[in-house]
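One letter stands for each residue in the lines below.
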Amino acid sequence: MNNSNDIYTLKEWLTFHNIKSNEGISELKNIFSNMDREMKKLHSSNYYIKSFNVNNILISGDYIKYIDVGILDNDYRRDYINKNIYYLACLQLGIYSDCLEYINPENKNYLKEEFDSFSIFLPEDVMLYYKGIFVNELNIYLDDFLRAKLKREIGNNSYLVDDGSSRSQGMHYSKSTMVGRIMNDDNSTAAFIAILLFPVIILLLAIIIPLMIILSG
């Protein structure tokens, strides 16, 4: 792409880029985030995406347009939205793993059982999101996941401890705190839920601690 103002189909974009390179992966992650935000915007405007075919998705910089859309049926609104979220995740998983033609969204059991085989191709910072979709059968926008993840990282600054090697190894969560124990849990399902529930935990603590002080008095 020489001109950022040019519009390409997703299929054309993939043809022009080496998604195995670090730069390609970074661009791809940005496009997928934009695709998710555009889908979320359509849902809020009472539309859903009828086709995730790579020829029916247009890209130009941060601009995304789904060509084939329809009006949401209020009686099945949540079903349509959940299906859109799942199908977009299938598209992204297929592109990341370079086997889009073998991804069948209707075969959920296969994708669930074989997720570990696909996960090796996923960027580490979003792998937990796709595991939540395919293995834990959650229905959440990628944009919401990334926002919750960012809030957790910002909000947890007070729980970070410097063990003297932070410059070379990064910071670590203290296991002496409840949040620290959750975030250090080896169970990825617990970690995924923690990302979503972290704000709720803080709110509950803000309510419970004053009550305990009052009752103990």
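Residues numbered from 1 in each chain as written. Predicted model: local features only at pLDDT ≥ 70, side-chain atom pairs only at ≥ 80, totals over all residues. Heavy atoms only, no water.

## Re the side chain of Asp143
Next, step 1: Structurally, the position occupied by Asp143 is in helix α7 (residues 142–155).
Next, step 2: A distance of 2.9 Å separates polar atoms of two side chains, one belonging to Asp143 and the other to Arg147.
Next, step 3: Among residues more than four places away in sequence, those in contact with Asp143 are Asp36, Arg37 and Lys40. (Helix = DSSP H or I, 4+ residues; strand = E, 2+ residues; numbered from the N terminus. Polar contact = N/O pair within 3.5 Å; in protein donor to acceptor, adjacent residues only side chain to side chain. Contact = heavy atoms within 4.5 Å.)

## Some remarks on the nonpolar core
Next, step 1: If you look at the biggest cluster of nonpolar residues, it comprises 44 residues, and the most contacted ones within it are Phe32, Met35, Tyr66, Leu91, Tyr130 and Phe134.
Next, step 2: Counting residues per element, this core draws most heavily on helix α3 (residues 77–96), at 10 residues.
Next, step 3: Setting aside chain neighbours within four positions, we find Tyr66 in contact with Met35, Asp36, Glu38, Met39, Leu42, Ile49, Phe52, Asn56, Ile57 and Leu88. (Core = buried A, V, L, I, M, F, W, Y, C linked by side-chain atoms within 4.5 Å. Buried < 20%, exposed > 50% of the residue type's maximum accessible area, 1.4 Å probe, protein only.)

## Description of the pattern of salt bridges
Next, step 1: This model, assessed by the stated rule, comprises 9 salt bridges.
Next, step 2: Lys40 is the salt-bridge partner of Asp144, the closest N and O atoms lying 2.5 Å from each other. Of this pair, Asp144 sits in helix α7 while Lys40 sits in helix α2 (residues 22–44), and the two are 104 residues apart along the sequence.
Next, step 3: By relative accessible area, Asp144 is classed as partly exposed at 27%.
Next, step 4: Residue class for Lys40 comes out partly exposed when judged on its relative accessible area of 26%.
Next, step 5: Overlapping salt bridges bring together Arg37, Lys40, Asp143, Asp144 and Arg147 as one network. (Salt bridge = Lys/Arg side-chain N within 4 Å of Asp/Glu carboxyl O.)

## Some remarks on the confidence of the model for the protein
Next, step 1: Across the protein, the average pLDDT comes to 79, with 70% of residues at or above 70.
Next, step 2: Confidence drops under pLDDT 50 across residues 158–184; counting only partners more than four residues distant or on other chains, this segment forms 38 contacts.
Next, step 3: This model gives residues 213–217 a pLDDT under 50, and the stretch forms 0 contacts once residues within four places in sequence are excluded. (pLDDT = per-residue confidence, 0-100.)

## Let's talk about the environment of Asp68
Next, step 1: Tracing the sequence through the fold places Asp68 in the loop between β4 (63–66) and β5 (69–71).
Next, step 2: Put simply, Asp68 and Asn53 are 15 residues apart on the chain and 9.1 Å apart in space, counted from C-alpha to C-alpha.
Next, step 3: Apart from residues no more than four positions distant in its own chain, Asp68 is found in contact with Ile49, Lys50, Ser51 and Asn56.

## Some details on unusual backbone geometry
Next, step 1: Positive phi is not limited to glycine here, since Asn46 has a value of about 75°.
Next, step 2: Tracing the chain through its elements places Asn46 in the loop between α2 and β2 (47–49).
Next, step 3: The partly exposed category is assigned to Asn46, whose relative accessible area is 26%.
Next, step 4: Of note, Asp98 is a non-glycine position whose phi angle comes to about 55°, a positive value.
Next, step 5: Its location among the elements puts Asp98 in the loop between α3 and α4 (108–113).

## Quick look at the sheet that holds strand β3 (residues 57–60)
Next, step 1: Sheet architecture is open: 3 strands sit in the order β1-β3-β4, paired in antiparallel fashion. Looking along the sheet, the strands with just one partner apiece sit at the ends: β1 (8–9) and β4.
Next, step 2: Both β3 and β4 contribute to a ladder of 4 bridges, which runs antiparallel. Note on β4: the bridge partner recorded for Ile57 is Tyr66.
Next, step 3: Where α2 meets the sheet, it contacts β3 and β4, and its direction lies at approximately 55° from that of β4. (Pairing = 2+ DSSP bridges. Axes fitted to C-alpha atoms, helices over the stretch in contact; angles between N-to-C directions.)

## Some points on the pairing of β4
Next, step 1: Across the two faces of β4 the burial differs, with Ile64 and Tyr66 buried and Tyr63 and Lys65 not buried at all.
Next, step 2: Between β3 and β4, which pair antiparallel in sequence order, lie 2 residues; one of them, Gly61, sits at a positive phi of approximately 65°.

## A few points about the packing of aromatic side chains
Next, step 1: Summed over the entire model, instances satisfying the criterion amount to 10 aromatic pairs.
Next, step 2: Seen from their ring centres, Tyr110 and Phe118 are 6.3 Å apart, and the 80° between their planes marks the pair as edge-to-face.
Next, step 3: Judged by its relative accessible area of 38%, Tyr110 falls in the partly exposed class.
Next, step 4: Members of the aromatic cluster, joined through ring pairs, are Phe32, Tyr96, Tyr129, Tyr130 and Phe145.
Next, step 5: In this arrangement the basic side chain of Lys108 is found over the ring face of Tyr86, its NZ or CZ atom lying 4.5 Å from the centre. (Phe/Tyr/Trp six-rings, centres within 6.5 Å; stacked < 30°, edge-to-face > 60°. Lys NZ or Arg CZ within 6 Å of the ring centre and 35° of its normal.)

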